[in-house]
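Observations on chain architecture
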Amino acid sequence: MTSDPPLSDAVDDTAADIATMEIRGAATIAAAAADAVAAQARETASETDDPAAFERAMRRAGRRLYDTRPTAVSLPNALRYTLGRMEGDDVETLHDSVLAATTAFTDRLDRAQNDLGRVGANRLRDGDTVMTHCHSTDALSCVEHAVEQGKDISAIVKETRPRNQGHITATQLRDLGVDVTLIVDSAARRYLDEADHVLVGADSIAADGGVVNKIGTSGLAVNARERGVPIMVAAQTIKLHPDTLTGHTVEIEMRDEAEVIEADAREAIGDITVDNPAFDVTPPRYVDAIVTESGQFPPESIVTLMRELFGESADRPWEEPDATTADATGPTA
Ligand SMILES: O=C(COP(=O)(O)O)[C@H](O)[C@H](O)COP(=O)(O)O
């Protein structure tokens with residue numbers, strides 16, 4: 001028996017970059033995963049004429065990507081879309097089906113972000129101030145469209161410890177011509193009195209409308225509700241987590257303590273526990289609107305959209321066919 005075609009370097013590099021957060025943010029991760037799947041298809045097609053070997057190589061690539069970070073469902077949804085459309089009896093047809101799917105997926109991502117940006121922009125009025133947390137390309141699309149509509153928007157940007165994604169948000173908003181004030185995370189409540197909206201993205205949205213996003217989002221939402229500031233979540237529909245339809249919860253990624261405390265300080269403090277959860281869950285009652293490319297939804301009604309898009313169960317095309325059947329109801333991200 002000849003050996004299976006190797007994993008593409010593009011897949012290996014993309015997986016490593018997602019794990020180390022060189023590539024980060026749910027939509028960006030999804031786009032990178034689709035590109036890596038396309039690279040694997042191209043390389044594998046030039047190395048084998050065995051359709052079964054081609055399919056195995058594609059599934060292996062999918063698993064490598066899937067295993068990188070557990071919380072953003074855009075990653076498995078990207079694999080569902082691209083590997084789920086792989087079909088054919090020969091390598092050329094299989095290759096073409098994957099390439100058509102990755103191209104369609106990337107186009108959909110761009111269009112969805114643009115469309116939801118227009119919806120979100122309608123919620124922003126001329127002169128409004130938004131408070132942001134982390135860095136979300138979906139959330140930024142709303143501000144970008146509002147600015148294009150001629151609205152004057154200001155932003156209070158939380159730095160978002162420990163990785164300071166707020167710095168990326170601050171830079172990109174500044175480049176859009178938005179007046180930006182950067183604050184430390186713990187100053188958020190004080191500055192909420194100056195904000196007209198809290199605007200965040202999402203890594204996953206559960207069937208009950210719970211929003212999984214960067215750690216600190218839920219505390220911000222509770223404070224915002226107490227201050228009467230509406231909370232808007234910008235999330236294209238690849239952020240809907242189909243496994244939650246069948247009762248599964250979303251796994252919250254725990255990251256390395258080195259992101260929280262430098263080695264010297266860690267050593268000086270000694271025997272303590274350092275926890276570094278990357279995400280939290282904001283209950284639906286603290287969210288005013290989820291803005292998607294299909295319009296805006298109260299969180300409680302997002303389940304209808306989820307059923308429409310995914311049906312009652314989500315397949316796992318990166319798994320071997322037998323494993324898919326056996327694990328169809330098993331625990332997931
Ligand atoms: O929580 C994060 C990123 O976390 P991390 O930096 O740990 O990946 C973002 O708010 C969402 O992924 C949405 O981003 P987008 O709207 O770009 O998909």
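All of these numbers come straight from a predicted model, not from anything done at the bench.

Some details on the overall build of the protein chain
Broken down by element type, the protein chain carries twelve helices and ten strands. In terms of overall dimensions, the protein chain is globule-like: its C-alpha atoms have a radius of gyration of 21 Å, near the 20 Å expected for 333 residues. By principal-axis analysis of the C-alpha atoms, the protein chain measures approximately 70 × 50 × 40 Å. Here the protein chain holds 333 residues, and the buried ones make up 53% of them. Just so you have it, the protein chain exposes about 14,600 Å², and 47% of that area is on carbon and sulfur atoms. Between the mean site of the 31 positive side-chain charges and the mean site of the 59 negative ones, the protein chain shows a separation of 5 Å.

A short note on the site of the ligand
The environment of the ligand is made up of 18 residues, and the closest members are Arg24, Ser136, Thr137, Asn213 and Lys214. Arginine 69 has a polar side-chain atom sitting 2.8 Å from an oxygen atom of the ligand. Lysine 214 is positioned with one of its side-chain polar atoms (N or O) 2.7 Å from an oxygen atom of the ligand. When isolated, the ligand has an accessible area of 460 Å², and the protein chains bury 100% of it. More than half of the atoms of the ligand fall within 2 Å of the grid points belonging to the largest cavity.

A look at the state of the cysteines
Tallied over the full model, the rule gives zero disulfides. In this structure cysteine 134 is a free cysteine whose sulfur lies 15 Å from that of cysteine 142, the closest cysteine sulfur available.

Describing the UniProt feature "binding site: substrate" (unreviewed entry) in the protein chain
Residues annotated in UniProt with the feature "binding site: substrate" (unreviewed entry) correspond here to Arg24, Gly25, Ala26, Ala27, Arg69, Asn213, Lys214 and Lys239. Spanning 216 residues, the named residues form one tight spatial group whose C-alpha atoms are at most 14.4 Å apart. Within this annotated set, the largest cavity is lined by Arg24, Gly25, Ala26, Ala27, Arg69, Asn213, Lys214 and Lys239. Structurally, alanine 27 is set in helix 2 (residues 26-45). In contact with alanine 27, not counting residues within four places along its chain, are Ser74, Leu109, Gln113, Thr137, Gln236 and Lys239. Residues in contact with arginine 69, not counting those within four places in the same chain, are Ile18, Ala19, Met21, Arg24, Ile29, Leu75, Lys214, Glu253, Arg255, Ala278 and Phe279. A polar atom in the side chain of arginine 69 sits 2.8 Å from the side chain of glutamate 253.

A few points about the packing of aromatic side chains
In this structure the tally under the stated criterion is two aromatic pairs. Ring geometry for tyrosine 81 versus phenylalanine 105: centroids 5.4 Å apart, planes at 50°, classification tilted. Highlighted residues: tyrosine 81 in helix 4 (residues 74-83) and phenylalanine 105 in helix 5 (residues 91-123), separated in sequence by 24 residues. It is arginine 85 that lies over the ring of tyrosine 81; its NZ or CZ is 3.6 Å from the centre. Here lysine 214 stacks its cationic end above the ring of phenylalanine 279, 4.4 Å away from the centre of that ring.

Some words on empty space enclosed by the protein
A complete count under the given rule lists three cavities of 30 Å³ or more for this structure. Taken as a whole, the largest cavity encloses approximately 260 Å³ of empty space. Along the wall of the largest cavity there are 27 residues; nearest its centre are Arg24, Gly25, Ala26, His135 and Asp203. Elements represented by at least two residues in the lining of the largest cavity include exactly helix 2, helix 6 (137-148) and strand 6 (211-214). Of the residues forming the lining of the largest cavity, the biggest block, four residues, is contributed by helix 2. Residue classes in the lining of the largest cavity are distributed as ten nonpolar, ten polar and seven charged.

A few points about the packing of helix 1 (residues 9-19) against helix 2
Two elements in contact, helix 1 and helix 2, have axes whose closest approach is 8 Å; the angle formed by their N-to-C orientations is 160°. Judged by the angle between their axes, helix 1 and helix 2 are roughly antiparallel. By crossing handedness, the relation of helix 1 to helix 2 is classed as left-handed. For the pair formed by helix 1 and helix 2, the contact residues are Asp9, Ala10, Val11, Thr14 and Ile18 on the first element and Ile29, Ala32, Ala33, Ala36, Ala39, Gln40 and Glu43 on the second.

Describing the nonpolar core
Judged by nonpolar contacts, the single largest core of 30 residues is most densely connected at Met131, Leu192, Val198, Ile205, Val233 and Ile290. Every element with two or more residues in this core is listed here: helix 8 (188-192), strand 4 (197-200), helix 9 (217-227), strand 7 (231-234) and helix 11 (302-310). At four residues, helix 11 tops the list of elements feeding residues into this core. Not counting chain neighbours up to four residues away, the residues in contact with isoleucine 205 comprise Gly210, Val211, Val233, Ala235, Lys239, Leu240, His241, Thr244, Ile290, Ile302 and Met306. One finds Ala15, Ala33, Ala61 and Val98 within the second-largest nonpolar core, a separate group that totals 25 residues.

Some thoughts on the pattern of salt bridges
All chains considered together, the criterion is met by 22 salt bridges. Linking glutamate 253 and arginine 255 is a salt bridge whose minimum nitrogen-to-oxygen distance equals 2.6 Å. When sorted by exposure, glutamate 253 lands in the same class as arginine 255, which is buried. Among the ionic contacts, a cluster of salt bridges with common partners joins Arg69, Arg163, Glu253, Arg255 and Glu259.

Cut-offs applied
Residues numbered from 1 in each chain as written. Predicted model: local features only at pLDDT ≥ 70, side-chain atom pairs only at ≥ 80, totals over all residues. Heavy atoms only, no water. Helix = DSSP H or I, 4+ residues; strand = E, 2+ residues; numbered from the N terminus. Rg over C-alpha atoms; globule rule 2.2 N^0.38 Å. Buried < 20%, exposed > 50% of the residue type's maximum accessible area, 1.4 Å probe, protein only. Areas by Shrake-Rupley, 256 points an atom, 1.4 Å probe, with all protein chains shown as cover. Lys, Arg positive; Asp, Glu negative; His and termini not counted. Charge placed at Lys NZ, Arg CZ, Asp CG, Glu CD. Near = heavy atom within 4 Å. Polar contact = N/O pair within 3.5 Å; in protein donor to acceptor, adjacent residues only side chain to side chain. 1 Å grid on protein atoms, 1.4 Å probe; cavity = no way out; pocket = protein on both sides within 12 Å on 5 of 7 lines; lining within 4 Å. Sits in = over half its atoms within 2 Å of the grid points. Disulfide = S-S within 2.5 Å. UniProt positions renumbered as here; feature names shortened; annotations may be inferred. Contact = heavy atoms within 4.5 Å. Phe/Tyr/Trp six-rings, centres within 6.5 Å; stacked < 30°, edge-to-face > 60°. Lys NZ or Arg CZ within 6 Å of the ring centre and 35° of its normal. Points joined across faces, edges and corners; volume = space filled by probe spheres on them. Nonpolar A, V, L, I, M, F, W, Y, C, P; charged D, E, K, R; others polar. Axes fitted to C-alpha atoms, helices over the stretch in contact; angles between N-to-C directions. Parallel < 35°, antiparallel > 145°, perpendicular 65-115°, else oblique. Left-handed = near helix turned anticlockwise from the far one by under 90°. Core = buried A, V, L, I, M, F, W, Y, C linked by side-chain atoms within 4.5 Å. Salt bridge = Lys/Arg side-chain N within 4 Å of Asp/Glu carboxyl O.

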